[in-house]
Amino acid sequence: MLRCIQLAKNGLGTTYPNPLVGSLIVHNNRIIGEGWHYKAGQPHAEVNAVNSVENKKLLKEATIYVSLEPCSHFGKTPPCADLIIESGIKKIIVGSLDPNPKVAGRGIKRFMEAGCDVVVGVSEKECDELNKRFFTFHTKKRPYIFLKWAQTIDGFIAPKNETRKETKPVWITNEFSRQLVHKMRAEEQSILVGTYTVLQDNPSLTVRDWAGENPLRIVIDKELKIPQDFSVFDERSKTVVFNERETKTSEQIDFEKIGFSEEIPQQICEVLFQRNIQSIIIEGGAKTLQSFIDANLWDEAFVFSGKKTFGEGVKAPIFKGEITSEVKIKDDTLRIFKNLKN
């Protein structure tokens, strides 16, 4: 099953809105086929695993392992449960049950009705972690939320405003940390910033130092202050602007009207759920990050610490979480925290 998880991770960033799934087929303790889900609309992991087996006669004596319950409904592809049954495989080992109402145990039921031997819950914790985005989306009706910021040794995420001479980022971390951030962008569906961050830094919020698709850009701009020639409105990716004035859609920019006197993070999550967005990086600034923390709408926080000091400026957000990882990136440190309150 751990090999299934390893295979599934190859699809991170390309399978949305589908989950990450890996599968392998074993005959006499030897792997004879394996596969993972590459991209939505393409064959699922189980199909790729079955198709990779050279001698199909062995399938009747083989066991298939799959990290997530095989689907039992027609979507863009036929049901994987039917394919497995038709292939003659009689033993199925499953990691996690699928929380999607379209599946939710129906795949397991299909196997049992066909007389197959089914085992569920093998390495379940690890399989659940693999699809934390997919699971959160279907069980909590919102995206999986990553907080991300860089801070100085003395705890600031930006210098004092008067010291800014031009509209561009002030880098706190090194180029290797920034490359890792671009890798994150390639893996997640969307990225969000507030008005102040855009006006100060003019970020593009795209993937440049890594291979992959650009995330959907999301901007909070209450009064539509951001000039249309700023980078967040270029053609490299679509942008959604949350504001208090209008809702309208165009090819490149969507405007979503929300109430700014109400709970903004909750409203954003509701809209993103309707848009089928399973993951988001909240990248700044401090006020925007703190609003999601105060609403308890976050799952993991990626906090980069550089070697610079500012002395004064914009303080880093205040939060509580359990540290799950600490990594040195040359002279930077990345600490990853998990929210234990949701």
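All values reported here derive from a predicted model rather than from experimental measurement.

## Side note on the overall build of the protein chain
When you go through the protein chain residue by residue, the secondary structure sums to ten helices and 17 strands. Compactness check: the protein chain gives a C-alpha radius of gyration of 22 Å against a globular reference of 20 Å for 342 residues, within 12% of the reference. Viewed in the frame of its principal axes, the protein chain has a C-alpha envelope of about 75 × 45 × 35 Å. Going through the 342 residues of the protein chain one by one, you find that 53% of them count as buried. Here the protein chain displays about 16600 Å² of accessible surface, and carbon together with sulfur accounts for 50% of that area. Distance between charge centroids for the protein chain: 1 Å, based on 48 positive and 45 negative side chains.

## Side note on the domain arrangement of the protein chain
The parts lose accessible area when they come together, and the size of an interface is often stated as this lost area. Examined at the domain level, the protein chain breaks down into domain 1 (1–134) and domain 2 (143–338). The C-alpha centroid of domain 2 is placed 35 Å from the C-alpha centroid of domain 1. Taken together, the contacts link nine residues of domain 1 with eleven residues of domain 2. Between domain 1 and domain 2, roughly 860 Å² of surface is buried when both sides are summed, and carbon and sulfur atoms account for 50% of that area. Per-residue buried area on domain 1 facing domain 2 is highest for Y16, K132 and R133; these three make up 59% of the total on that side. Across the salt bridge formed by K132 and E300, the nearest N and O atoms sit 2.6 Å from each other. The interface formed by domain 1 and domain 2 holds six residue pairs in polar contact (both at pLDDT 80 or more) in total. The element contributing the most residues to the side of domain 1 that touches domain 2 is helix α6 (residues 132–140), with three residues. Classifying every residue of the side of domain 1 that touches domain 2 by side-chain character gives four nonpolar, two polar and three charged.

## Quick word on the sheet that holds strand β10 (residues 239–243)
Read from one edge of the open sheet, ten strands run β11-β12-β10-β9-β8-β13-β6-β14-β17-β16, paired in mixed fashion. Because the sheet does not close on itself, it has two edges, and the strands there are β11 (248–249) and β16 (322–329). Pairing of β11 with strand β12 (residues 253–257), which is carried by two bridges, proceeds in the antiparallel orientation. Paired with T249 across the bridge in β12 is D254. Each of β6 (144–151), β8 (190–194), β9 (216–220), β10, β12 and β13 (279–284) touches helix α9 (residues 264–274); the most contacted strand, β9, lies at about 150 degrees to it.

## Topic: the packing of aromatic side chains
For the structure shown, the criterion picks out eight aromatic pairs. Relative to F337, the ring of F319 has its centre 5.0 Å away and its plane inclined at 90 degrees; by these criteria the two rings are edge-to-face. Here F337 lies in strand β17 (residues 332–338) and F319 lies in the loop between β15 (313–315) and β16, a separation of 18 residues in the sequence. Each member of the aromatic cluster is reached from another via a ring pair, and the members are W149, W298, F319 and F337. The ring of W171 carries the charged tip of R178 above its face, separated from the ring centre by 4.4 Å. One Lys or Arg, K315, reaches over the ring of F156 and ends 4.7 Å from the middle of that ring.

Rules used in this analysis
- Residues numbered from 1 in each chain as written.
- Predicted model: local features only at pLDDT ≥ 70, side-chain atom pairs only at ≥ 80, totals over all residues.
- Heavy atoms only, no water.
- Helix = DSSP H or I, 4+ residues; strand = E, 2+ residues; numbered from the N terminus.
- Rg over C-alpha atoms; globule rule 2.2 N^0.38 Å.
- Buried < 20%, exposed > 50% of the residue type's maximum accessible area, 1.4 Å probe, protein only.
- Areas by Shrake-Rupley, 256 points an atom, 1.4 Å probe, with all protein chains shown as cover.
- Lys, Arg positive; Asp, Glu negative; His and termini not counted.
- Charge placed at Lys NZ, Arg CZ, Asp CG, Glu CD.
- Domains from an automatic or database assignment.
- Contact = heavy atoms within 4.5 Å.
- Buried area = accessible area lost by both parts, 1.4 Å probe.
- Salt bridge = Lys/Arg side-chain N within 4 Å of Asp/Glu carboxyl O.
- Polar contact = N/O pair within 3.5 Å; in protein donor to acceptor, adjacent residues only side chain to side chain.
- Nonpolar A, V, L, I, M, F, W, Y, C, P; charged D, E, K, R; others polar.
- Pairing = 2+ DSSP bridges.
- Axes fitted to C-alpha atoms, helices over the stretch in contact; angles between N-to-C directions.
- Phe/Tyr/Trp six-rings, centres within 6.5 Å; stacked < 30°, edge-to-face > 60°.
- Lys NZ or Arg CZ within 6 Å of the ring centre and 35° of its normal.

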